[in-house]
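Here is what each chain is made of, one letter per residue.
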Amino acid sequence: MFSLRGKTFLVTGASSGIGQQIAISISNHGGRVIAAGRDMNRIQETLSLLEGEGHSYHLFDLSDYKDITEFISKSEKFDGVVFNAGVIDYTPVKFINEAKMFKVFDVNFKGSVFLSQQLIKNKLINKMGSLVFISSISSKLGVPGTALYASSKAALTAYAKVVASELANQKIRANSISPGIIVTPMTEKAAEAVTDSSVKEAEKDYPLGYGTPLDVAGLVIYLLSDASRWMTGSDLILDGGLTLK
Ligand SMILES: NC(=O)c1ccc[n+]([C@@H]2O[C@H](COP(=O)([O-])OP(=O)(O)OC[C@H]3O[C@@H](n4cnc5c(N)ncnc54)[C@H](OP(=O)(O)O)[C@@H]3O)[C@@H](O)[C@H]2O)c1
């Protein structure tokens, strides 16, 4: 039920953190991975960690529409796509400006929207395919400084639901995952701006502690596999119990 054998998956942001682990886990379950990112060294590192044969990569900037259409023009067909690439941002509301908004939305929202739109329009998703959008629990909270990041992820979650609705007649599914804090290069960089003790203190809000990329990858494997064949249009909260209270 959970096997991905004989299937091909595109993973964006596969060069780091959660995306890298998703790529590894897909390969562990027999799937073939097309790893997408921007950084050649990091994407090569991901490829070196994959199990099995036949994996490959594509380098493109998701915030650049031309890069996306160029990728699409030579793309093969996929059984699933994980829209994982994203950037974090901490800008208090009074410091928001147009440039900052574009920087965040261009990757977190626009990039995933146009990549999925182009894949769908060009019939590059196989029947019974699965699209997984990595959103964030931030979209449901009101953490100060996260206005742009949280809004971009809320938009992505809403988009995923509409995609699910429009593609159901083709038996293509779309779901999103809203993770809480996962320890990755993204969060490690963000933690540099605060003290170690405040990072440890904040972890107390998580009954199961902070998550790991493997925790997200497990749910992604479920969503990509036939085990979730009746699930579409869902947004799955994966937060170690943060929102229990
Ligand atoms: N970590 C968390 O606590 C957490 C929680 C909830 C949701 N998320 C979401 O999970 C996803 C992965 O996060 P992470 O923590 O694994 O972050 P990460 O380690 O910083 O990795 C981000 C990935 O996104 C790619 N990326 C960034 N900008 C891009 C662009 N313009 N074009 C193409 N690729 C781009 C990066 O590629 P390069 O290596 O080429 O730069 C990298 O592979 C993000 O969408 C994030 O918002 C993370």
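Treat the numbers as computed from the prediction; the structure is a model and nothing was measured. (Residues numbered from 1 in each chain as written. Predicted model: local features only at pLDDT ≥ 70, side-chain atom pairs only at ≥ 80, totals over all residues. Heavy atoms only, no water.)

1. As for the overall build of the protein
Here comes step 1: For the protein, the helix and strand inventory stands at eight helices and seven strands.
Here comes step 2: Relative to a compact globule of 245 residues, whose C-alpha radius of gyration would be 18 Å, the protein shows 17 Å and is just as compact.
Here comes step 3: In the protein, which comprises 245 residues, the share counted as buried stands at 49%.
Here comes step 4: Relative to all contacts within the protein whose residues are 6 or more apart in sequence, the contacts with residues 24 or more apart total 74%. (Helix = DSSP H or I, 4+ residues; strand = E, 2+ residues; numbered from the N terminus. Rg over C-alpha atoms; globule rule 2.2 N^0.38 Å. Buried < 20%, exposed > 50% of the residue type's maximum accessible area, 1.4 Å probe, protein only. Contact = heavy atoms within 4.5 Å.)

2. Some thoughts on the packing of aromatic side chains
Here comes step 1: Counted according to the given criterion, the structure contains eight aromatic pairs.
Here comes step 2: Ring plane angle 10° and centroid distance 4.5 Å describe the contact between Phe83 and Phe133, whose orientation is recorded as stacked. Taken together, the positions of Phe83 in strand S4 (residues 78–83) and Phe133 in strand S5 (residues 125–134) put the pair 50 residues apart, joining distant regions of the chain. The pair formed by Phe83 and Phe133 is uniform in burial state, with each residue classed as buried. (Phe/Tyr/Trp six-rings, centres within 6.5 Å; stacked < 30°, edge-to-face > 60°.)

3. Overview of the site of the ligand
Here comes step 1: Lining the immediate surroundings of the ligand are 31 residues, of which Ser15, Ser16, Arg38, Tyr149 and Thr184 lie closest.
Here comes step 2: Within the contact set of the ligand, an oxygen atom lies 3.1 Å away from a backbone nitrogen or oxygen of Gly13.
Here comes step 3: A distance of 3.4 Å is found between an oxygen atom of the ligand and a backbone nitrogen or oxygen belonging to Gly86.
Here comes step 4: Alone, the ligand offers 890 Å² of accessible surface; in the complex the protein occludes 93% of this.
Here comes step 5: Sorting the residues of the shell around the ligand by element identifies helix H1 (17–28), helix H5 (147–167) and helix H6 (185–191) as the ones contributing at least two each.
Here comes step 6: Per-element accounting of the shell around the ligand gives the leading share, three residues, to H6. (Near = heavy atom within 4 Å. Polar contact = N/O pair within 3.5 Å; in protein donor to acceptor, adjacent residues only side chain to side chain. Areas by Shrake-Rupley, 256 points an atom, 1.4 Å probe, with all protein chains shown as cover.)

4. Brief notes about the nonpolar core
Here comes step 1: Grouped together as the largest cluster of nonpolar side chains are 28 residues, with contacts concentrated most on Ile22, Ile26, Val82, Val132, Ile134, Val220 and Leu224.
Here comes step 2: What Leu224 contacts, discounting residues up to four positions off in sequence, is Leu4, Phe9, Ile26, Gly80, Val81, Val82, Ser130, Val132 and Arg173.
Here comes step 3: Ranked by size, the runner-up nonpolar core spans 27 residues in total, among them Phe60, Leu62, Ile72 and Ala160. (Core = buried A, V, L, I, M, F, W, Y, C linked by side-chain atoms within 4.5 Å.)

5. Focus on helix H3 (residues 65–73)
Here comes step 1: Of the residues making up H3, those classed as buried are Ile68, Phe71 and Ile72. In a view along the axis of H3, the buried residues occupy a sector of 100°, so they form one face of it. Facing away from the buried side of H3, by more than 90 degrees, are the exposed residues Lys66 and Ser73.
Here comes step 2: Where H3 begins, the side chain of Asp64 points an oxygen toward the backbone nitrogen of Lys66, at a separation of 2.9 Å. (Arc of directions from axis to C-beta.)

6. Here we look at the environment of Ile18
Here comes step 1: Structurally, Ile18 can be placed in helix H1.
Here comes step 2: Under the relative-accessibility criterion, Ile18 is labelled buried at 16%.
Here comes step 3: Here the alpha-carbon distance between Ile18 and Leu208, two residues 190 residues apart in the chain, equals 18 Å.
Here comes step 4: With near-sequence residues (within four places) excluded, Ile18 lies in contact with Asn84, Ile182, Thr184, Pro213 and Val216.

7. A few points about the sheet that holds strand S6 (residues 173–179)
Here comes step 1: On the basis of which strands lie adjacent, the open sheet formed by seven strands has the order S3-S2-S1-S4-S5-S6-S7 and parallel pairing. In this open sheet, the two edge strands, each paired with only one partner strand, are strand S3 (56–59) and strand S7 (235–238). Strand-to-strand twist in this sheet, taken as the mean axis angle between neighbours without regard to direction, amounts to 20°.
Here comes step 2: Strands in contact with H1 are strand S1 (8–11), strand S2 (32–37), S4 and S5; relative to S1, the strand with the most contacts, it is inclined by about 175°.
Here comes step 3: Helix-sheet contacts for helix H2 (residues 40–48) involve S2 and S3, and the interaxial angle to S3 is about 160°. (Pairing = 2+ DSSP bridges. Axes fitted to C-alpha atoms, helices over the stretch in contact; angles between N-to-C directions.)

8. Side note on the packing of helix H4 (residues 98–121) against H5
Here comes step 1: Running from N to C, H4 and H5 point in directions that differ by 15°, and their axes come no closer than 9 Å. Classified by the angle their axes make, H4 and H5 are roughly parallel. Here H4 runs over H5; the crossing is right-handed. Along its contact with H4, which presents Lys100, Met101, Val104, Phe105, Asn108, Phe109, Ser112, Val113, Ser116, Gln117 and Ile120, the element H5 presents Leu148, Tyr149, Ser151, Ser152, Lys153, Ala155, Leu156, Tyr159, Val163 and Leu167.
Here comes step 2: Class assignment for the residues of the contact of H4 with H5 results in 13 nonpolar, six polar and two charged. (Parallel < 35°, antiparallel > 145°, perpendicular 65-115°, else oblique. Left-handed = near helix turned anticlockwise from the far one by under 90°. Nonpolar A, V, L, I, M, F, W, Y, C, P; charged D, E, K, R; others polar.)

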